Amino acid sequence: MSSTLGGLATSVSGTVTSRLAALSTRSMRFIEPVTRAAAPVARAGRTAAAAVPVQGRIVIGGAIGCLIAGFLLHWSELVFIGVTLAAAVAIAAGYAIGRTTYAVTVELNPRRVIVGGRALGRIAVTNSGTRPVLGSRMELPVGAAHAEFQLPRLAPGQEHEDLFAVPTHRRALILAGPATSVRGDQLGLLRRTQTWTDRIELFVHPLTTRLKASAQGLVRDLEGQATKSITNSDLAFHALRPYEQGDSMRNVHWRTSARTGQLMVRQYQETRRSQMLLVLGADAAHYASDDEFELAVSVLASVGVHVIGEENQITAGWDGGTLHTVSPVSLLDDSCRLEPVKRGAKPLREVVRTLAARRAQPSVVLLVVGSQTPPADIRAVATLFNHDTVFTAVRVDEAGEAVLRRSGPVTVASVTALRELPLMLSRLGTRQ
């Protein structure tokens, strides 16, 4: 009996499951066409909603409310107001309706300038259609600004051109675009927009200064930089020592061996190709002002451009990661993106440790910091490197004085202006 009931239950369960599966399949066949058909409607609805600014929604809502209240309350004045508002929306729709056939070109010349340089922009709009296009408005975001250009009625093939200046008084990466045409009424009840171009980048490079090739750690080292490690084979001769079993006979100094009566072999100082690590501490709390941070970026860019120009190996970075050092231009382009870190800044030692871990042990480390950076933070960074690494910190302090100081194992060069950097690095080279 129990087996019979179990089989019946299994049969009923299987029947119900199969029918539910069949129902689900039929439902999906019905839902999919409805979903595909509703997608264009949903997109049109979103487009229509975007075409109605806040003031337009207020007028439309007011028209509907006045008409409903007027008819329900038999209040002719409300009906009149509702009809007037509805008529205003209908007239505004006439301005927004219409096909726009534009070919838009936005150009910036030049694409890279130094702070304070001159940068001009050009926007050209051509009617690419076969019918005249009524006048409209073209909007073009340029950095934080917003430029507007009035377009006249354009005949087929006719072009309209406007020129504009781009402010370059501060280092920045300025994005121009996208260019957007706007059709609508003068009251702004309805607004129809269409995007025509992509964004264009304008790099406003920081100010830089030329450095002397004799600056410590910035010279061209064709044979490598000597370290304090002693080896049996290299380029920098160090001293002679008695022969030991296993030494290569190629290192025997025969003249000295003949004079002393015992075999003497050469010792060398280990050399390696100079590898520079250039780091900018970007914690906003370490800088007294925005101008001081700009000075720090200029110091970073000046040193980086010089080292890259000397074809030495360099790794440059900041709190936000590494900078491109393929060429001086790539470094300057990336320096346009540097911004002070105002929240959640990492400890300076952690920033340098992360950047140093991506490369071999550097032979030269140059750290650029602000005037408010605690000396203990700088000394903590120095503990990351061994005695073969030349560690220097450049401290920018617009309110201080240009001076060299020793802070534990670190030499700190304070600069108050960019023009002082070449002299300070030269003095640094004579001290070390």
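Up top you'll find the structure we're talking about.
Residues numbered from 1 in each chain as written. Predicted model: local features only at pLDDT ≥ 70, side-chain atom pairs only at ≥ 80, totals over all residues. Heavy atoms only, no water.

Draft legend 1. Spotlight on the sheet that holds strand β14 (residues 275–280). Spatial ordering of the open sheet is given by β16-β15-β14-β17-β18-β20-β19, a layout of seven strands whose pairing is mixed. Sheet topology places β16 (321–323) and β19 (403–407) at the edges, where each strand pairs with a single neighbour. Averaged over all pairs of adjacent strands, the angle between strand axes in this sheet comes to 25°, irrespective of strand direction. Pairing geometry for strand β15 (residues 313–318) and β16, over three bridges, is antiparallel. Residue Trp 318 lies in a different strand from β16, and its bridge partner there is Gly 321. Across the sheet, helix α5 (residues 290–309) touches β14, β15, β16, β17 (364–370), β18 (390–396) and β20 (410–415), and the angle it forms with β14 is around 165°. Helix α8 (residues 375–382) rests against β17, β18, β19 and β20 of the sheet, and its axis sits at about 155° to β18. (Pairing = 2+ DSSP bridges. Helix = DSSP H or I, 4+ residues; strand = E, 2+ residues; numbered from the N terminus. Axes fitted to C-alpha atoms, helices over the stretch in contact; angles between N-to-C directions. Contact = heavy atoms within 4.5 Å.)

Draft legend 2. Just the packing of aromatic side chains, in detail. Taken as a whole, this structure holds four aromatic pairs when the rule is applied. Measuring from ring centre to ring centre gives 5.2 Å for Tyr 287 and Phe 293, while their planes differ by 85°; the resulting arrangement is edge-to-face. Comparing Tyr 287 with Phe 293 shows no difference in burial state: the two are buried. (Phe/Tyr/Trp six-rings, centres within 6.5 Å; stacked < 30°, edge-to-face > 60°. Buried < 20%, exposed > 50% of the residue type's maximum accessible area, 1.4 Å probe, protein only.)

Draft legend 3. Main features of the sheet that holds strand β6 (residues 159–166). Sheet architecture is open: three strands sit in the order β1-β3-β6, paired in antiparallel fashion. With partners counted over all chains shown, the strands left at the sheet margins are β1 (102–109) and β6, one partner each. When strand polarity is set aside, the average angle formed by the axes of neighbouring strands in this sheet is 15°. Inspection of the sheet shows β1 paired to strand β3 (residues 119–127) by eight bridges, in the antiparallel sense. Note on β3: the bridge partner recorded for Leu 108 is Gly 121.

Draft legend 4. Molecular detail of unusual backbone geometry. In this structure, the amide linkage connecting Asn 109 to the following residue, Pro 110, adopts the cis form with an omega of -5°. Looking at where Pro 110 falls in the secondary structure, it is placed in the loop between β1 and β2 (112–114). With an omega of 0°, the peptide bond between Gly 177 and Pro 178 qualifies as cis. You can see Pro 178 is positioned in the loop between β7 (172–176) and β8 (180–184). The phi dihedral of His 74 falls on the positive side, at around 55°, and the residue is not glycine.

Draft legend 5. Up close: the packing of helix α2 (residues 54–73) against helix α3 (residues 76–96). Relative orientation of the contacting elements α2 and α3 amounts to 150°, with a least axis distance of 7 Å. If you check the angle between α2 and α3, you find them roughly antiparallel. The two elements α2 and α3 cross, and the hand of that crossing is left-handed. On α3, the residues that touch Val 59, Ile 60, Gly 62, Ala 63, Cys 66, Leu 67, Ala 69, Gly 70 and Phe 71 of α2 are Leu 78, Val 79, Ile 81, Gly 82, Val 83, Leu 85, Ala 86 and Val 89. (Parallel < 35°, antiparallel > 145°, perpendicular 65-115°, else oblique. Left-handed = near helix turned anticlockwise from the far one by under 90°.)

Draft legend 6. Geometry of the packing of helix α7 (residues 348–356) against α8. Contact geometry of α7 with α8 gives a least axis separation of 8 Å together with a crossing angle of 25°. Classified by the angle their axes make, α7 and α8 are roughly parallel. Relative to α8, α7 is oriented so that their crossing is right-handed. Along its contact with α7, which presents Leu 348, Arg 349 and Val 352, the element α8 presents Asp 377, Ala 380 and Val 381. Its residues assigned to classes, the contact of α7 with α8 comprises four nonpolar, no polar and two charged. (Nonpolar A, V, L, I, M, F, W, Y, C, P; charged D, E, K, R; others polar.)

Draft legend 7. Main features of the side chain of Ser 257. Inspection of the secondary structure puts Ser 257 in helix α4 (residues 254–260). Filtering out sequence-adjacent residues up to four positions away, Ser 257 remains in contact with Val 252, Gln 262, Leu 263 and Met 264.

Draft legend 8. A look at the pairing of β18. Within β18, six of the seven residues are buried, which leaves it mostly tucked inside the rest of the structure. Sheet topology places β17 next to β18; seven bridges connect them, and they run parallel. Residue Leu 366 lies in a different strand from β18, and its bridge partner there is Thr 392. Between β17 and its parallel partner β18, the chain crosses via α8, and the hand of that crossover is right-handed. Pairing analysis gives five bridges linking β18 to β20, with the strands arranged parallel. Note on β20: the bridge partner recorded for Arg 395 is Ser 414. (Right-handed = clockwise from strand over helix to strand, strands pointing away.)

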